[in-house]
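Listed below are the residues making up each chain.
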Amino acid sequence: MELKGQIKDIIYQNEVNSYTIATLETDEEVYTVVGYLPFINSGDTLKIIGKFVTHQEYGRQFKIDTFEKVMPDTLDGLEKYLSNGIIKGIGPATAKKIVDMFGEDTVNILKYEPKKLVKIRGITEKKAIEMSESFNENWSLWQIVGFLEKFSIGPNNAKKIYKALGANAIEEIKSDPYILLEIVRGVDFKQIDKMAMELGIAYDNERRVKSGIKYSLLLSSYNGHTCAIKENVINFVSNLLEVDMENVENELINLNINKDVIIEKRENEEWVYLYSFFKAETNIAEKIKILQNSKN
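Residues numbered from 1 in each chain as written. Predicted model: local features only at pLDDT ≥ 70, side-chain atom pairs only at ≥ 80, totals over all residues. Heavy atoms only, no water.

Visitor: I would appreciate a short explanation of helix H8 (residues 189–198) in the present structure.
Guide: Every α-helical turn comprises 3.6 residues, leaving residues that sit three or four positions apart pointing alike. For H8, the set of buried residues is Phe189, Ile192, Asp193, Met195 and Ala196. Along H8, the residues classed as buried sweep out an arc of 160 degrees about the axis, all on the same side. The exposed residues of H8 that point more than 90 degrees off its buried face are Lys190, Lys194 and Glu198. Next to the buried residues of H8 lie helix H4 (125–149), helix H6 (169–175), helix H7 (180–183), helix H9 (206–221) and helix H10 (230–241). With a side-chain oxygen lying 3.2 Å from the backbone nitrogen of Lys190, the N-terminal cap of H8 falls on Asp188. (Buried < 20%, exposed > 50% of the residue type's maximum accessible area, 1.4 Å probe, protein only. Helix = DSSP H or I, 4+ residues; strand = E, 2+ residues; numbered from the N terminus. Arc of directions from axis to C-beta. Contact = heavy atoms within 4.5 Å. Polar contact = N/O pair within 3.5 Å; in protein donor to acceptor, adjacent residues only side chain to side chain.)

Visitor: Is there a simple way to explain the packing of aromatic side chains in this structure?
Guide: Two aromatic rings are characterised by how far apart their centres lie and by the angle between their planes. Tallied over the entire structure, the rule returns seven aromatic pairs. Judged by centre distance (4.8 Å) and plane angle (20 degrees), the rings of Phe189 and Tyr215 are stacked. With Phe189 in helix H8 and Tyr215 in helix H9, this pair connects stretches of sequence that are 26 residues apart. You can call Tyr215 buried: its relative accessible area is 16%. Taken together, the ring pairs in this structure connect Tyr31, Phe52 and Phe62 into an aromatic cluster. The lysine or arginine in question, Arg60, covers the ring of Phe52, its NZ or CZ lying 3.7 Å from the ring centre. Above the ring of Trp271, the side-chain terminus of Arg266 is found at 4.6 Å from the ring centroid. (Phe/Tyr/Trp six-rings, centres within 6.5 Å; stacked < 30°, edge-to-face > 60°. Lys NZ or Arg CZ within 6 Å of the ring centre and 35° of its normal.)

Visitor: What is the right way to read the pattern of salt bridges from this model?
Guide: A pair can form between side chains of opposite charge whenever their charged atoms are brought close. For the structure on display, the rule yields 14 salt bridges. As a salt-bridge pair, Asp193 and Arg208 come within 2.8 Å of each other at their nearest N and O atoms. In this pair, Asp193 is assigned in helix H8 and Arg208 in helix H9, connecting sequence segments 15 residues apart. Comparing Asp193 with Arg208, the two get one shared label, buried. Linking Arg266 and Glu264 is a salt bridge whose minimum nitrogen-to-oxygen distance equals 3.0 Å. Through salt bridges with shared partners, one network takes in Asp176, Glu182, Arg207 and Lys214. (Salt bridge = Lys/Arg side-chain N within 4 Å of Asp/Glu carboxyl O.)

Visitor: Looking at this model, I keep getting lost on the sheet that holds strand S5 (residues 59–70). Mind explaining?
Guide: Within a sheet, neighbouring strands are paired by backbone hydrogen bonds and run either parallel or antiparallel to one another. Taken in spatial order, the five strands of this closed barrel run S1-S2-S3-S5-S4, and their pairing is mixed. Here the strands of the sheet are splayed against their neighbours by 50 degrees on average, with no regard to which way each runs. In the sheet, strand S4 (residues 45–55) pairs with S5 via 11 bridges, with the strands oriented antiparallel. Opposite His55, over in S5, you have Gly59 as the bridge partner. (Pairing = 2+ DSSP bridges. Axes fitted to C-alpha atoms, helices over the stretch in contact; angles between N-to-C directions.)

Visitor: Would you explain the pairing of strand S1 (residues 2–13) in this entry?
Guide: Across a regular strand the side chains alternate sides, sitting on one face of the sheet and then on the other. Relative to S4, S1 runs antiparallel, the two being bridged by five bridges. Residue pairing for S4: Lys4 is matched across the bridge by Lys47. Note: S1 against strand S2 (residues 19–25), six bridges, orientation antiparallel. Considered in S2, the bridge of Gln13 is made with Thr20.

Without other data, these values stay purely geometric and don't point to any function.
Quick look at the structure:
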């Protein structure tokens, strides 16, 4: 079931995981909604998908499965959105002045023609540009949230991705979804790989194979291993990605050339490290040698 409305009041929000209890005002009535709503403020307009549940103590509530932030479709709603304090330099009084002067054109002015805001007494050109930058940054963040939500990647990662990739984050991700593995810790490779396939990335794409290799070594580290036998890595990645072993070996060589991985020969076997793990192991060995040769 879908509800669309404006957040009237935030009753409770957990600062750590953004679990929220809020009231949502729709055209029909005001509902109590519960769920994970990071970066949400009073005045925000949301489309929420979920279901009604009955809480033993608090009664009927709408439990959120997914949500999308949308621009308010009324001037009153837009004024409330601009008044919520999230846009730098705009409070309730300024929000009212902006909406009163520019009406339906308010969003366009804030996005593309901020210098027109100087028509309002008290707004300098510098302040107008700051308002526009804050408005656009906030909205870009939400475009990223909505885009990632389609691929089951939580909104808690959106801010980090925006800081790393900037306003063109969605285009960057579309051209190379595997870049997310380098930005966000704990994102599942299979989840990103599925996303890449849906975006049309080829099975034998070199970025896909390289990411698969790094993922296999990271996966091995979860069992306490800092490296793996080269042959095992090639077999694992070939099966994981359903690509030729020769393809995997070629990209492994390229990763080694660029020092993303280190291939170390030991007797009759070759072992593969992620570069960071190799450096850590080397550092530990060097420290042990120093300790061994110390007088104290």
